[in-house]
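# Inside the fold
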Amino acid sequence: MRSGFIAVAGRPNVGKSSLVNAICGGKVTIVSDKPQTTRRRVFGIANGDDYQLVLADLPGFQRPLDALTERMQKTVDSSFEDLDGVLLVVDCRAHIGAGDRFIAQRVFALGVPVVIAVNKVDRLKPGHIATQMQTAAQLGRFLALHPVSAKTADGIGELREELVALLPEGPQYYPADQRTDLSVTEQIGELVREQALLLTREEVPHSITAVVDEFEEKMIRASIIVETESQKTILVGKGGSMVRKIGMQARPGIEQLLGREIYLELHVKVRPKWRQDDALLERYGI
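Residues numbered from 1 in each chain as written. Predicted model: local features only at pLDDT ≥ 70, side-chain atom pairs only at ≥ 80, totals over all residues. Heavy atoms only, no water.

## A short note on a nonpolar patch on the surface
On the surface, Val184, Phe215 and Leu257 cluster together into a nonpolar patch covering about 210 Å² of accessible area. Mapping Val184 onto the fold places it in helix α6 (residues 184-199). (Patch = residues over 30% accessible without salt bridge, like charges linked within 9 Å, V, L, I, M, F, W, Y side chains within 5 Å. Areas by Shrake-Rupley, 256 points an atom, 1.4 Å probe, with all protein chains shown as cover. Salt bridge = Lys/Arg side-chain N within 4 Å of Asp/Glu carboxyl O. Helix = DSSP H or I, 4+ residues; strand = E, 2+ residues; numbered from the N terminus.)

Structure, rendered in structure tokens:
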């Protein structure tokens, strides 16, 4: 049995979470095009007959601006300990530049094998992919370089095999049917937040979080937390239209997670400056 831990590193929005979901074969962590979508370390678990690959999906590297982003960066820093390797992700559709080089410098200094994934190669011309791979190859002394698409799953099988080969012999850290280390209520809160991020305008996303208040067999009550009354107005929508839409779009994913139909009741609450409040951040599991 091979088992171990691989950290997934890269700039915000290079597709780290989508890649973790693809490698693990299902939903592990939420995805959106908004920066700071991933706020905590989430373990994605890929199980095979003779391996257990645990991927640490991390927040993107950033300069801390408040208590929230400071905690996020501490999560990144502390996650680079006791690793069997690092998966460094770059975006094939974006310029590979100073931000990628900064992260690569940190990653290659760890002294563990580094595999580079050039993500989002779907529907790109071969010449562009080749150029981006040449640029990515200059980031450091990598073990392997893989062009992949989390969206279409191209190259995912080969990348998974490469990562599994890095793992030492070891125990099964999680049950074979477990795909993430998040609790069920944490996963539900994240699914609600995902839909809120998808449906709201640019001024709201960083200020949104979601928590489960009541969790019963057929009834779930959850709160969407924002910082201002104006943000609450946006989240509630005219006559409650937005919060209802968030609930409608979140419920199928929650029902798939639980394997049963549920009634989802959402409320929008204002918690001024919650991103700067350590006590609230602790309560919200960030």
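## Focus on the nonpolar core
The biggest cluster of nonpolar side chains holds 28 residues, and the ones touching the most others in it are Leu19, Ile23, Leu53, Leu55, Leu87, Leu159 and Leu163. Ranked by residue count, the leading element in this core is helix α1 (residues 16-24), at five residues. For Leu163, the contacting residues outside a window of four places in its chain are Ile6, Ile23, Leu53, Leu55, Leu87 and Val115. If you look at the next biggest cluster of nonpolar residues, it comprises 26 residues, including Ala9, Ile45, Ala56 and Ile116. (Core = buried A, V, L, I, M, F, W, Y, C linked by side-chain atoms within 4.5 Å. Buried < 20%, exposed > 50% of the residue type's maximum accessible area, 1.4 Å probe, protein only. Contact = heavy atoms within 4.5 Å.)

## A few points about the pairing of strand β1 (residues 2-9)
By the criterion of burial, β1 is predominantly enclosed, with seven of the eight residues buried. Across seven bridges, β1 lies against strand β3 (residues 51-57) in parallel orientation. Residue pairing across strands places Val8 opposite Asp57, the latter belonging to β3. Pairing between β1 and strand β4 (residues 85-91): four bridges, direction parallel. Each bridged residue has a counterpart across the sheet, and for Ala7 the counterpart in β4 is Val86. (Pairing = 2+ DSSP bridges.)

## Structural notes on the packing of α1 against helix α5 (residues 156-164)
It is at 9 Å that the axes of α1 and α5 come closest, and there the two elements cross at 85°. Our classification of the angle between α1 and α5 gives roughly perpendicular. Residues Leu19, Ala22 and Ile23 of α1 lie in contact with α5, whose contacting residues are Ile156, Leu159, Arg160 and Leu163. (Axes fitted to C-alpha atoms, helices over the stretch in contact; angles between N-to-C directions. Parallel < 35°, antiparallel > 145°, perpendicular 65-115°, else oblique.)

## Description of the pattern of salt bridges
Going through the model one piece at a time under the given rule, you end up with 10 salt bridges. Measuring nitrogen to oxygen at the nearest pair gives 2.7 Å for the salt bridge that ties Glu194 to Lys27. Separated by 167 residues along the polypeptide, Glu194 in helix α6 and Lys27 in the loop between α1 and β2 (42-48) bring together distant segments of the chain. According to the relative accessible area criterion, Glu194 is buried, its value standing at 6%. Taking the relative accessible area as the measure of exposure, Lys27 reaches 41% and is therefore partly exposed. Three or more residues are tied together by salt bridges with common partners; here these are Glu214, Arg221 and Glu265.

## Concerning the sheet that holds strand β8 (residues 219-226)
Pairing between the strands of a sheet is mediated by backbone hydrogen bonds and can be parallel or antiparallel. Within the open sheet, the three strands sit side by side as β7-β8-β9. Their pairing is mixed. Looking along the sheet, the strands with just one partner apiece sit at the ends: β7 (209-215) and β9 (263-270). Taking the axes of each pair of neighbouring strands and ignoring which way they run, one obtains an average angle of 25° across the sheet. Bridge count for β8 against β9 is eight bridges, and the pairing is parallel. Bridge assignment links Ser223 to a residue of β9, and that residue is His267. Each of β8 and β9 touches helix α7 (residues 229-236); the most contacted strand, β9, lies at about 160° to it. Of the strands in this sheet, β7, β8 and β9 touch helix α8 (residues 241-258), which is tilted by about 130° from β9.

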